[in-house]
Amino acid sequence: MVYLDFENQFDKTIKKIEEVGKLYAEARGKSYQAQELKGSMLASLVKKCGDIPISKSEIIAKDSEDYRQYVRETAQAISKELRLKAEYEAWKSRFEATRSLCSLQKSTDKEIQ
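Model, not experiment: these values are computed from the prediction.

S.K.: Got a minute to help me understand the packing of aromatic side chains in this structure?
M.R.: To describe a pair of aromatic rings, one takes the distance between the centres and the angle between the planes. What the rule picks out here adds up to three aromatic pairs. Seen from their ring centres, Tyr24 and Tyr88 are 6.0 Å apart, and the 20° between their planes marks the pair as stacked. Of the two residues, Tyr24 sits in helix 1 (residues 6-36) while Tyr88 sits in helix 4 (residues 65-112), which places them 64 residues apart along the sequence. Residue classification places Tyr88 among the partly exposed positions, given a relative accessible area of 22%.

S.K.: Help me out: how do you make sense of helix 4 in this one?
M.R.: Residue pairs spaced three or four apart in an α-helix point in one direction, given the helix's 3.6 residues per turn. Between its first and last C-alpha atoms helix 4 spans 70 Å; for 48 residues at 1.5 Å apiece the expected length is 70 Å, and the two agree. Among the residues of helix 4, those classed as buried are Tyr67, Tyr70, Thr74, Ala77, Glu81, Leu84, Trp91, Thr98, Cys102, Gln105 and Asp109. Buried positions along helix 4 lie against helix 1, helix 2 (38-48) and helix 3 (54-62).

S.K.: Explanation requested: the environment of Arg28 in the structure shown.
M.R.: Within the secondary structure layout, Arg28 lies in helix 1. Owing to a relative accessible area of 46%, Arg28 belongs among the partly exposed residues under this scheme. Linking Arg28 and Lys38, residues ten residues apart in sequence, is a C-alpha distance of 16 Å.

S.K.: In this structure, what is going on with the side chain of Thr98? I would like to understand it.
M.R.: On the secondary structure map, Thr98 appears in helix 4. Take Thr98: its relative accessible area is 4%, and that puts it in the buried class. In contact with Thr98, not counting residues within four places along its chain, are Phe6, Gln9 and Phe10.

S.K.: Looking at this model, I keep getting lost on the pattern of salt bridges. Mind explaining?
M.R.: Once the charged atoms of two side chains with opposite charge are near each other, the side chains can pair. In the structure shown here, the tally under the stated rule is ten salt bridges. Measuring nitrogen to oxygen at the nearest pair gives 3.5 Å for the salt bridge that ties Glu19 to Lys16. Taken together, the residues Glu19 and Lys16, both in helix 1 and three residues apart, mark about one turn of the helix. Residue Glu19 is classed as partly exposed on the basis of its relative accessible area, which comes to 41%. For the salt bridge of Lys92 with Glu89, the shortest nitrogen-to-oxygen distance reads 3.7 Å. Here Lys92 and its partner Glu89 are both found in helix 4, three residues apart, which amounts to about one turn of the helix.

The rules behind each value
- Residue numbering note: each chain is counted from 1, following its sequence as written.
- For a predicted model such as this one, the threshold for reporting local features is a pLDDT of at least 70, and the threshold for listing and counting side-chain atom pairs is 80 or more; totals across whole chains, interfaces and linings nevertheless cover every residue.
- Each side-chain value is worked out from all heavy atoms of the structure, with water and hydrogens disregarded.
- Any Phe, Tyr or Trp ring, taking Trp's six-membered ring, that has another such ring centre within 6.5 Å forms a pair; planes under 30 degrees apart are called stacked, those over 60 apart edge-to-face, and the others tilted.
- We count a stretch as a helix when DSSP gives it H or I for four or more residues in a row; a strand needs E for two or more, and each element gets its number in order from the N terminus.
- The buried label applies to any residue whose accessible area, calculated with a 1.4 Å probe on protein chains only, is under 20% of its type's maximum; exposed applies above 50%, and partly exposed to all values in between.
- Under the convention used throughout, the expected extent of a helix is 1.5 Å for every residue step, that is, one less than its residue count.
- Any two residues whose heavy atoms approach within 4.5 Å are treated as being in contact.
- Any carboxyl oxygen of Asp or Glu that lies within 4 Å of a side-chain nitrogen of Lys or Arg is treated as forming a salt bridge with it.

And the structure:
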């Protein structure tokens, strides 16, 4: 009969869930902040255009290297958030799988006795 070290697996998985969960929370916060600052970033660039119509200044602002850099950084923040979310969910699934195997092992042990 094969006995798995469930306690060790649970400990490892719980630690990883906590570790990745903290990283995910931090990444989610940065991603949210970057996305929320879009209007501020655009307004700042529009102000630099001076006394020209808003529609034209928005076009100029969105075509600027500063705005492109902001979009690239925001995309990277969102990507990091989503990668960490996927890893976090994978560890949660692993925990549930280990829990199911542990229950199956206990059930099997009772039937054998």
